[in-house]
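Spelled out from the first residue to the last, the chains are:
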Amino acid sequence: MVMFPPNELALPGEILLITDELLAPADFMLHRHLATHLKESKSSPCILVSVSEGIERWKAVAQKSNLILAQYLDAETLTFVDAMSHIAPHLDERTDVPLQTLLQEIKTRLLRLKPEEESRTLVILDDIASLEWIGVPVVEVTRFARKLCASCRKLNVSLIIRHHVTTPGEPDDILKHLLQLCTYHIDVFALSSGRSGSVSGQVALHGGPANLAPAHRFIPRSAAVHYRLTDLGGIFFDRGTGSGVL
């Protein structure tokens, strides 16, 4: 049996890239990381930057795990940033830097935070692929990703970025760039035979070029961990065992 994801994945200053596919969405992985972070300490702040999902969707999913996001929002432990509210005006005006305002908003909110010495700050960006889909040039998306990663590393903040893979086996330009920036890469993908009743998909763990001293054992695609989705999230188990590990 295997424990997945490893504890303390995406330590302060590290970049965790999560990729998924149409038949194997990684929503459950993002919600798992958010819940784990908020529950570990009441003083560990999180900035959730969402491109395509509103806060009500996040609240509804979290509530299934008895996590009431409204309490964290009221306490300002959790900050929700609606990315589109900062991007749309620039797309309408066709400016050359459509993501500059969003980047500045994230950096400003990070600088406002005053976490306790032992706490950790987490930024979640969901998802970066949608930025290209709404009309932001690829060069601007990659520049934004590079600057965001640099800011989080400088401030010793953990960063999680989700990227949707639309052409499995053929990395797009944004993904190629993200793979060079990340410390770890959680690779969520579908079974070759499609989803079954007992297996929803599989997941691998890779290291990025920025990971000079990996603290976790990598899991190649050839030995990927299987998972099954439930109302409470994902249950992970070794291939062929069917016995879950939460």
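Fair warning: this is a prediction, and the values are worked out from it, not measured in the lab.

## What to know about the pattern of salt bridges
Opposite charge on two side chains makes pairing possible when the charged atoms of those side chains draw close.
Part 1 of the argument: Tallied over the entire structure, the rule returns eight salt bridges.
Part 2 of the argument: Residue E140 pairs with R143 through a salt bridge whose shortest N-O separation is 2.6 Å. One end of the pair is E140 and the other is R143, both in helix 7 (residues 138–154) and three residues apart, which spans about a single turn.
Part 3 of the argument: The exposure class of R143 is partly exposed, given its relative accessible area of 29%.
Part 4 of the argument: R221 is the partner of D187 in a salt bridge, and the nearest nitrogen-oxygen pair spans 2.6 Å. With D187 in strand 6 (residues 184–189) and R221 in the loop between strand 7 (201–207) and strand 8 (225–230), the pair connects residues that are 34 residues apart, well separated along the chain.
Part 5 of the argument: On the basis of relative accessibility, which here comes to 6%, the residue D187 falls in the buried class.
Part 6 of the argument: Through salt bridges with shared partners, a single network forms among D20, D27, D126 and R162.

## Re the nonpolar core
Part 1 of the argument: Counting 35 residues, the largest nonpolar core has M29, L34, I186 and V188 as the members making the most contacts within it.
Part 2 of the argument: With residues near it in sequence (within four places) discarded, M29 still touches F4, P5, I18, I186, V188, V203 and F236.
Part 3 of the argument: By size, the runner-up hydrophobic cluster in this structure holds 34 residues, among which are A83, L102, I128 and V141.

## Observations regarding the sheet that holds strand 1 (residues 15–21)
Part 1 of the argument: Pairing is mixed in the open sheet, where nine strands are placed in the order 3-2-4-5-1-6-7-8-9. The strands lining the two open edges of the sheet, one partner per strand, are strand 3 (78–82) and strand 9 (233–237). Recorded for the sheet is a direction-independent mean angle of 20 degrees between the axes of neighbouring strands.
Part 2 of the argument: Note: strand 1 against strand 5 (residues 158–165), seven bridges, orientation parallel. Paired with E21 across the two strands is V165, which belongs to strand 5.

## Considering unusual backbone geometry
Part 1 of the argument: The amide bond that connects D126 to the next residue, D127, takes the cis arrangement and shows omega of -10 degrees.
Part 2 of the argument: Relative to the elements of secondary structure, D127 occurs in the loop between strand 4 (122–126) and helix 6 (129–133).
Part 3 of the argument: At E76, a residue that is not glycine, the phi angle is positive and equals roughly 60 degrees.
Part 4 of the argument: With respect to the helices and strands, the residue E76 is situated in the loop between helix 3 (69–74) and strand 3.
Part 5 of the argument: Unusually for a residue other than glycine, N156 sits at a positive phi of about 60 degrees.
Part 6 of the argument: Counting through the fold element by element, N156 comes out in the loop between helix 7 and strand 5.
Part 7 of the argument: The class for N156 is partly exposed, based on a relative accessible area of 47%.

## Quick word on helix 2 (residues 55–63)
Part 1 of the argument: Every buried residue belonging to helix 2 is among I55, W58, V61 and A62, and all of these are buried. Down the axis, helix 2 shows its buried residues gathered within 130 degrees of arc, on one side only. Seen from the open side of helix 2, the exposed residues pointing more than 90 degrees away from its buried face are E56 and Q63.
Part 2 of the argument: In this fold, the buried residues of helix 2 make contact with helix 1 (27–40), strand 2 (46–50), helix 3, strand 3 and strand 4.

## Some words on the pairing of strand 8
Two faces belong to every sheet, and in a regular strand the side chains alternate between them.
Part 1 of the argument: One ladder, built from three bridges, connects strand 7 with strand 8; its direction is antiparallel. Bridged to V203 within strand 8 is V225.
Part 2 of the argument: When strand 8 meets strand 9, the two strands line up antiparallel, connected through five bridges. Paired with L229 across the strands is G234, a residue of strand 9.
Part 3 of the argument: Hairpin geometry of strand 8 and strand 9 is characterised by an intervening segment of two residues between the two adjacent antiparallel strands.

## Description of the packing of aromatic side chains
The description of two aromatic rings rests on the distance between their centres and on the angle between their planes.
Part 1 of the argument: All told, the structure shown has four aromatic pairs when counted by the stated rule.
Part 2 of the argument: For the pair F28 and F236, a centre-to-centre distance of 6.1 Å together with 40 degrees between the ring planes defines the contact as tilted. Of this pair, F28 sits in helix 1 while F236 sits in strand 9, and the two are 208 residues apart along the sequence. Assigned by exposure class, F28 and F236 land together as buried.
Part 3 of the argument: Their ring planes at 70 degrees and their centres at 6.3 Å tell us that Y184 and F218 sit as a pair that is edge-to-face. One end of the pair, Y184, is in strand 6; the other, F218, is in the loop between strand 7 and strand 8, and 34 residues separate them in sequence.
Part 4 of the argument: Under the relative-accessibility criterion, Y184 is labelled buried at 2%.

Rules used in this analysis
- Residues numbered from 1 in each chain as written.
- Predicted model: local features only at pLDDT ≥ 70, side-chain atom pairs only at ≥ 80, totals over all residues.
- Heavy atoms only, no water.
- Salt bridge = Lys/Arg side-chain N within 4 Å of Asp/Glu carboxyl O.
- Helix = DSSP H or I, 4+ residues; strand = E, 2+ residues; numbered from the N terminus.
- Buried < 20%, exposed > 50% of the residue type's maximum accessible area, 1.4 Å probe, protein only.
- Core = buried A, V, L, I, M, F, W, Y, C linked by side-chain atoms within 4.5 Å.
- Contact = heavy atoms within 4.5 Å.
- Pairing = 2+ DSSP bridges.
- Axes fitted to C-alpha atoms, helices over the stretch in contact; angles between N-to-C directions.
- Arc of directions from axis to C-beta.
- Phe/Tyr/Trp six-rings, centres within 6.5 Å; stacked < 30°, edge-to-face > 60°.

These results come straight from atomic positions and should not be treated as a statement about function.
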